[in-house]
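Fold and geometry: a report
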Amino acid sequence: MLTRRGFLTGATVVAGGGALAACTSREGGVQSVAQASTSAVLAQQVVPFDGARQAGVSTPHQANLNLVAFTLRPGVDRTAIKRLMRLWTEDARQLTRGRTPLGSLEPEMATRPANLTITCGFGSRFFDISGIPERRPRWLHPIPAFTRDKLDERWGEADLVLQVCSDDPVTLSHATRHMIRSGVNYVSTRWFQSGFLNANGVLDDGETPRNLFGQKDGTVNPRSEEDLSGSVWIDEGPASIRDGTCMVVRRIAMDLDDWEILDRGSREVSVGRTLGSGAPLTGGGEFDEADYGAVDDRGLPVIDPASHMARAKPPEGHPEQVILRRVYNYDLEPDPTSELLSNSGLVFICFQKDPDQQFTPIQRRLDEMDRLNQWITHIGSAVFLVPPGTDPEDPLRDDYWGAGLLEG
Ligand code: HEM
C-alpha cells in the first residue's frame, strides 16, 4: 500500500522529472506507473482488504464517504445471511483491489480504487435473525437517549452497514451501487449518508481536515498502534469478535447560519482551539498538549471548562474514555420549508471497544454542558459491531465477514 506520504513523495518525484512511480498492494496487485501523472498514482492506490482487522477504521481518511445501512428482508435466515456475507466479502475484496467483481458488466468503473475501502458492520437485530442472540456483544444496543437529542428514526438503528470510502467520487459511487445491487435479494436500503472531506492532495501530509464550522476536526485521536489497541480494537471475549470494533454513527446537524453571527474569538472559545492552526488556546502548535490549568491576567481559565474539548477529553481517572473519530461533512440542499440557508453537519462516525464505557459517558458530559451545543443537534444514531478482518489464505482467520460468528 502506498501511504499518503508515499503518494505525496511520489507526486513530487513525478513532477520533478517524470521518474518511475510504483504502487503496490500487499495482495500482489502491483501496478507500475511509468512517467505517471499525479492523478494516475492516486488512482492506483490500494488499501489492503484482507488482514486481522477490517480496513476503513484506522485507515487515513479518504475524501469521500457513502455510509449505507440495510434492513434484512423478511424470510432471510442464517443460511441466507451466510450467502450474503460470502458474496459481499468477495465483491468488496475485488473492488478494493481495482478488479471487476463477479457479475459486473462495467470493468472500467473498477480500475481506479483510489484508496477504496469497504467496511462491514452488524446491528443488533442481525444476531436475532441469524439465530445467535447469545453472541451479541452486551454493548450492542441503542445509545441511551440524551436530553438534547432530536433523533429522527429515518437515521436510526439498522441490521447491517457498509462504510464505503474512496478518494474518487465516481469509484465510490460505482462500488456502493455494486454492493447494494449484489445484496438486493437479502437486504433493502434503510438509509444512505454521504459525506466529504478535503480532497486528497489538497492538504499537506498529516494535515487535519476541516469541518463546515471551519475547525480542524480530528486533531486529538488515537493514532499509534499502541493507542489503537488500547481504545479501538476489541481484545477480550470470543475470537469471533476479537480484532473487531464498535462503530457508533451519529448524524449531527450544524447550524451554520447562527454560527456565522458569532465573532471569531467566541468561535475559538467554544472549542478551546484557534481556528487558524487548530492549536489549543494556551499556545503551541496543533498537536501540542493543552494547558487546562493556565489562567489569563484576570485569573480566568484560558481554556473555558465548558468548551467542547474540555468537556470531551477523558476526565481524571478515566483513561478509557477515548474514541477514534472518523467524521465526514455533509452538505445538502436547504429545506425549502425552513428559513435556514443551509442543511449541513457531520456524519459523526467513531470507533471504540465498548460504547458503554467510551462514547456514551463522553456524550453524556457533552449533552450536559458544551459551548458547541448551541449550534449542533444530534438527529440520528446507530450502533454496529464491525467484525474482525478476513483472510482466506489464513486458516486462523475468517474467510468472509462474520464467519466466526455465523459458522458453528
Ligand atoms: C457537530 C458536532 C461536533 C463538532 C463540530 C466537533 C468539533 C470538534 C473539534 C473542532 C475538536 C477539536 C479538534 C480535535 O481534537 O479534533 C473536537 C474534539 C473532540 N471531540 Fe468533537 N465535535 C463534535 C461532536 C463530538 C461528539 C458527538 C463527540 C463524542 C461524543 C466528540 C468528541 C470529541 C473528542 C473526544 C475530542 C478530543 C478532545 C480532547 O482534546 O481530548 N465530538 N471536536
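Conventions and cut-offs
Residues numbered from 1 in each chain as written. Predicted model: local features only at pLDDT ≥ 70, side-chain atom pairs only at ≥ 80, totals over all residues. Heavy atoms only, no water. Donors = N, O, S within 2.8 Å, 3.2 Å for Na, K, Ca; no water. Helix = DSSP H or I, 4+ residues; strand = E, 2+ residues; numbered from the N terminus. Near = heavy atom within 4 Å. Polar contact = N/O pair within 3.5 Å; in protein donor to acceptor, adjacent residues only side chain to side chain. Nonpolar A, V, L, I, M, F, W, Y, C, P; charged D, E, K, R; others polar. Axes fitted to C-alpha atoms, helices over the stretch in contact; angles between N-to-C directions. Parallel < 35°, antiparallel > 145°, perpendicular 65-115°, else oblique. Left-handed = near helix turned anticlockwise from the far one by under 90°. Contact = heavy atoms within 4.5 Å. Salt bridge = Lys/Arg side-chain N within 4 Å of Asp/Glu carboxyl O. Buried < 20%, exposed > 50% of the residue type's maximum accessible area, 1.4 Å probe, protein only. Core = buried A, V, L, I, M, F, W, Y, C linked by side-chain atoms within 4.5 Å.

Points about the coordination of the iron atom of the ligand
Of all protein atoms, His308 (NE2) alone acts as a donor to the iron atom of the ligand, lying 2.0 Å away. Examined against the element boundaries, His308 turns out to sit in helix H9 (residues 308–312).

Considering the site of the ligand
Taken together, the neighbourhood of the ligand is formed by 25 residues, with Gly218, Thr219, Val220, His308 and Arg325 sitting nearest. Taking Gly218, its main chain carries an N or O atom lying 2.5 Å from an oxygen atom of the ligand. Looking at the shell around the ligand, the elements with two or more residues in it are strand S7 (245–254), H9, strand S10 (343–352), helix H10 (359–368) and strand S11 (376–386). A total of four residues in the shell around the ligand trace back to one element, the largest contributor, which is H10. For the shell around the ligand, a count of residues per class yields 13 nonpolar, seven polar and five charged.

Thoughts on the packing of helix H3 (residues 78–96) against helix H5 (residues 169–182)
Relative orientation of the contacting elements H3 and H5 amounts to 160°, with a least axis distance of 10 Å. Classified by the angle their axes make, H3 and H5 are roughly antiparallel. In this structure, the crossing between H3 and H5 has a hand that is right-handed. Note on element contacts: H5 touches H3 through His174, Ala175, His178, Met179 and Ser182, opposite Leu87, Trp88, Asp91, Ala92 and Leu95. Tallied by class, the residues present in the contact of H3 with H5 amount to six nonpolar, three polar and one charged.

Here we look at the pattern of salt bridges
What the rule picks out here adds up to 22 salt bridges. The shortest N-O distance in the salt bridge between Arg190 and Glu153 comes to 3.0 Å. Here Glu153 lies in the loop between helix H4 (124–129) and strand S5 (160–166) and Arg190 lies in strand S6 (residues 187–196), a separation of 37 residues in the sequence. A relative accessible area of 25% places Arg190 in the partly exposed class. Exposure remark for Glu153: the relative accessible area of 59% places this residue in the exposed category. What you see here is one network of salt bridges that share partners, running through Asp50, Glu90, Arg93 and Arg97.

What to know about the environment of Arg273
Assignment of secondary structure puts Arg273 in the loop between helix H8 (264–271) and H9. Taking the C-alpha atoms as reference points, Arg273 and Lys216, 57 residues apart in sequence, are found 9.1 Å from one another. When near neighbours in sequence (up to four residues on either side) are disregarded, Arg273 contacts Thr219, Val220, Glu268, Gly278, Ala279, Pro280, Leu281, Glu286 and Met309. Among the polar contacts made by the side chain of Arg273, one reaches the main-chain carbonyl oxygen of Glu286 at a distance of 3.2 Å.

Description of the nonpolar core
Within the largest apolar cluster, 60 residues are counted, with the highest numbers of intra-cluster contacts made by Met85, Trp88, Ile118, Leu160, Leu162 and Trp401. If one sorts the elements of this core by residue count, H3 sits on top with seven residues. Counting 25 residues, the second-largest nonpolar core is a separate cluster that includes Leu67, Leu324, Phe351 and Phe384.

These results come straight from atomic positions and should not be treated as a statement about function.
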